[in-house]
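As a plain string of letters, each chain reads:
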Amino acid sequence: MIQLAGAAKHFGGRTLFANADLLIPDRARVGVVGPNGSGKTTLMRILAGLEPLDEGKLAQNKDQTIGYLPQDGLHIAGRTLLEECRSVFADLIAIEGELLAVESQLEHTDDLTLFERYAELQHQFQVGGGAALEARIGTILAGLAFTPEDLGRPCEAFSGGWQMRIALAKLLLQEPKLLLLDEPTNHLDLETRNWLEEYLAKYPHACLLVSHDRYFLDAVVDRIVDLGLSKITVYTGNYTSFLKQKEDRMTQIRAAYNNQKERREQIEAFVNRFRYTATKASQVQSRIKELDRMEVIEVPPHEEAIHFSFPQPPPSGRRVLELRHVRKSYGDKRVFEDLNLVLERGDRIGLIGPNGAGKSTLLRLLAGAEPMGGEGNAGERVVGHQVTIDFFAQDQYKVLDESSRILDDMTTVSPVLMVPQLRTLLGSFLFHGDDVFKRIGVLSGGERNRYALARMLLRPANCLLLDEPTNHLDLRAKEVLLEALRQYNGTVIFVSHDRAFIDGLANKIVHVTPFAEGGGVEFYPGNYEEYRHHLELAARPVAAADDISATPAVAAAPAPKKRRVNPQRQQALRKSIAELEAAIATAEAEVKRLEGALAAQDTFRDAERGQTAVAEYNRQLERRARLYAEWEEKTGAVAETPS
């Protein structure tokens, strides 16, 4: 548990929050939201003990442990990935080292003190979870998409995004009582985000996170902390529930404000009318005191929904873009082999797949920004009739005129009818007030990309290729972009790791598989939610032919060939798994019995008896480990059994 009481924080001459109270109980899942600059990161740093409060106090349990993941800026070096993760368990590693040292001495001594020390260390190691240490590290690293080959790589060899994954892995392994995550999904692909959602749902302690991913917030949090108007307001429920509650609350506040305004006007009119009337003096004084006691209700500025009618491009032919028999390599790294892809007019395709699978490369090939020729490369790119293409790359800011001011540059490319709306459009993409007069050259890379995206929407081509367009956008800006693209009548193919954005826009999903895992692309109709549904159906056992309970939906669902299963093989595997689970339960009971025996004081009074007990305990540990390894292999094979 951690608590703020009467807290205030001032920054840059303004108040982020004042007289604020906040309680985060154990196991709470809290999402922190608010406009840019409202103090979300500052609040996280205060709770982490990295920033002081200007007023009020921060209280926490004596045994409170806190882990904080910033948005970026971390650099880990000096150890391999596995060594870095093992360093989280320094105490356990030290116990393990002493255990090995004592064990080697036990072979040549009958010193009872040494046997007692061994039993004590063994107990500490088991209670601390030492037996499951390697499995725990492996589970976390696999969930964050590290491969077995990565374990021996030095941490400094990983790029910035992967550095943040290493830092996140260490925090999850530490399991602090309060986990503070500032934009944890920034560097994660969809599969890894899905894994993190499930992991945080089972996290045994409190978690507080900042995120601009609406789906992630909906899936993870059970309450929202809203920063705004120098206040901290807490809502129960996920992000969607928060939006409804906040709108209801704003309605109530506006009604209360209007009632108060009407009452104040009545009082002021009475005072002004009878101020100098002796017979009304006491009533006038009473009204004045009422005015003084009245706490002024502040009304947050109403956020009007932003709707733009972007100019629609002329239609293209039915076939928009086509890739034929494309082979693509970067040196020794093969990305695609015999790739064929057709985009048709009206397609809104979400490209998904793990990081490094080739999604950005595919977009660049479609845009013509990546050459087809060269050593090891081949294929043909065909552009359809009357197709015009706009390509938004992750480094799109490089094509902007750095000497121009934002508003001036925007005006030069805007249709005349849209000029009056430019400042509103720029505001929705987080350029407020005097920001619109900044020169493009002084903007950060993220700000420039954000501006380049807004600029593109003013005169869209009839085929848009968008690589991570939602990066650097807050929730409000994402809604503006999503609404604009929904109204757009051209063709869109895009990469995004934002599930709400994909679900709101895509009518097809293309999954890009890394070349090392078979390579290529697979089409799925519908949005990401429907794609996941396809995979779930494909992973289910095939219904028997005479099973009349099988639903038409299951029978008709298109299933990727790789995910089909053989019922007979599955049945055999499941039987074997059940037998293994029974054996594991027996082994667990035996290990527990032996641990009790080792902990008994009289076990090591007899040196021979002690040695026998230790040897038997080690044999049972090895047996249990073998059973678990076989169980993991067979459970993993269940969903992958070929037909």
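Note that the structure is predicted; figures quoted are calculated from it, not measured.

Rules and cut-offs
- Residues numbered from 1 in each chain as written.
- Predicted model: local features only at pLDDT ≥ 70, side-chain atom pairs only at ≥ 80, totals over all residues.
- Heavy atoms only, no water.
- Pairing = 2+ DSSP bridges.
- Helix = DSSP H or I, 4+ residues; strand = E, 2+ residues; numbered from the N terminus.
- Axes fitted to C-alpha atoms, helices over the stretch in contact; angles between N-to-C directions.
- Contact = heavy atoms within 4.5 Å.
- Buried < 20%, exposed > 50% of the residue type's maximum accessible area, 1.4 Å probe, protein only.
- Lys, Arg positive; Asp, Glu negative; His and termini not counted.
- Salt bridge = Lys/Arg side-chain N within 4 Å of Asp/Glu carboxyl O.
- Phe/Tyr/Trp six-rings, centres within 6.5 Å; stacked < 30°, edge-to-face > 60°.
- Lys NZ or Arg CZ within 6 Å of the ring centre and 35° of its normal.

**Q** Before we move on, could you go through the sheet that holds strand 4 (residues 55-60) and cite the residues and values that matter?
**A** Taking strand neighbours across the sheet as the criterion, the three strands line up as 2-1-4 in an open arrangement whose pairing is antiparallel. Taken across any chain shown, the strands that pair with only one partner, and hence form the sheet edges, are strand 2 (14-24) and strand 4. Across the sheet, the mean angle from the axis of one strand to that of its neighbour is 20°, orientation sign disregarded. Pairing geometry for strand 1 (residues 2-11) and strand 2, over seven bridges, is antiparallel. Bridge pairing in strand 2 places Gln3 opposite Leu23. Contacts from helix 1 (residues 40-47) reach strand 1, strand 2 and strand 4 within the one sheet, and its direction differs from that of strand 1 by about 130°.

**Q** Quick rundown of the side chain of Glu197? Include the residues and the values.
**A** Inspection of the secondary structure assignment puts Glu197 in helix 7 (residues 190-201). Despite being buried, Glu197 has no salt bridge partner; Arg499 is the closest side chain of opposite charge, sitting 4.2 Å away. Look past the residues within four positions of Glu197 in its chain and what remains in contact with it is Tyr215, Phe216, Ala219, Val220 and Arg499.

**Q** Which residues make up the packing of aromatic side chains, and what values do they have?
**A** Taken as a whole, this structure holds ten aromatic pairs when the rule is applied. Each member of the aromatic cluster is reached from another via a ring pair, and the members are Phe146, Phe158 and Trp162. The residue whose ring lies beneath Arg287 is Phe270, and the NZ or CZ to ring-centre distance is 4.4 Å. Sitting over the face of the ring of Phe431, Arg450 holds its NZ or CZ atom 5.2 Å from the ring centroid.

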